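# Architecture at a glance
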Amino acid sequence: MSGPRITLTGAGGALGLVLRPRLIARGAVLTSAGHRCPAPIAPGERVLGGDLRDDLVVDQALQGAEVVIHMAGSSVEKPLATIIENNLVALQRVYEGARRHGVKRVVFASSNHTIGMYQAGERLKLSDPVRPDGNYGLSKVWGEAMGRLYHDKFGIETVCLRIGSAIARPTEPRHLATWLGYEDLEELVWRAATVPGLGFLTVWGVSANKRAWWDNGEAAALGYQPRQNAEDYAATLPDMPVWPQQGGSFAPADVT
Ligand code: 15L
């Protein structure tokens, strides 16, 4: 096998399960790591279970890896103590593991909740200031900054994916702007893992939605050309009030 040697964390989670067969089909030599890791899905897939806050688990997971796709962690709003453990501490252990193992690049699953307090409909560039909508969004801001730190200080590349709503198909009006279809997710993640010389880069993880709010012009080096469009599902969506902020239901939630 000669494809890129990739470790995928969060491999038992919603996006991990979508990505595993697709990364293997594209030729990755894949190690899938996660708390809840099912059996291997393809010959040659290495599967590991364990807690990423444990350096021994990280050492096993990152052995031989060129790239880490970090999908692990809490993926919704949680109490701060939980977010700190799952999204801050575990990420720092992964970056330290990346240093120990000479990993060249981390693809970090960031989120639109880094900017969730902007008004719905406002057009954003990647260079616009962050406006997180809770503990979860804050942890993604911190994660993006950690990627920057490890690139500046230790030369590890990071591509931050500010993922919108990565689900099989849009289910509410907000998704007309925020949807990331699975074909586009696959293409985005593959490019983030394999396009050479990206350094530190942030990109919106969004499909080619007619009503998208986010402009990927500043991430042109990635060459990401989404093909899916939430508009194709517009007629199927329920008639419900539109959330006032881009973060949808996360924005009004009291997280203190
Ligand atoms: C996210 O970052 C979450 O992980 C996911 O559960 C959704 O809430 C998504 O954003 C979204 O904003 O739709």
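Structure: see above.
The following refers to the structure shown. (Residues numbered from 1 in each chain as written. Predicted model: local features only at pLDDT ≥ 70, side-chain atom pairs only at ≥ 80, totals over all residues. Heavy atoms only, no water.)

## Here's the deal with the environment of Glu77
Defined as follows: Under the scheme used here, helices are H or I runs from DSSP no shorter than 4 residues and strands are E runs no shorter than 2 residues, and both carry numbers assigned from the N terminus. Partly exposed describes any residue whose relative accessible area lies between the buried limit of under 20% and the exposed limit of over 50%, with all areas from a 1.4 Å probe on protein chains only and scaled to the type maximum. When checking whether two residues touch, look at their non-hydrogen atoms; a contact exists if any pair is within 4.5 Å.
Relative to the helices and strands, Glu77 is located in the loop between strand E4 (67-70) and helix H3 (80-101). Overall, the relative accessible area of 22% leaves Glu77 in the partly exposed class. When the C-alpha atoms of Glu77 and Met146 are compared, they prove to be 20 Å apart, with 69 residues separating the residues in sequence. What Glu77 contacts, discounting residues up to four positions off in sequence, is Asp133, Gly134, Asn135, Tyr136, Phe250 and Val255.

## Some details on the site of the ligand
Heads up, the rule is: Summary of the distance rule: residues count as near a molecule or strand when at least one heavy atom falls within 4 Å of that molecule or strand. Pairing of N or O atoms within 3.5 Å defines a polar contact, subject to two protein rules: one partner must be a possible hydrogen donor and the other a possible acceptor, and residues neighboring in sequence count only if both atoms are side-chain atoms. Areas reported here follow the Shrake-Rupley algorithm with a probe of radius 1.4 Å; residue values treat only the protein chains shown as occluding.
In the vicinity of the ligand, the residues found are Ser75, Val76, Ser111, Asn112, His113, Tyr136, Gly164, Ser165, Arg174 and Phe250. Interatomic distance of 2.8 Å between a side-chain N/O atom of Tyr136 and an oxygen atom of the ligand. A distance of 2.7 Å separates an oxygen atom of the ligand from a polar atom in the side chain of Arg174. Protein chains bury 76% of the 320 Å² of accessible surface belonging to the ligand in isolation.

Remember, this is a structural readout, not a statement about activity or role.
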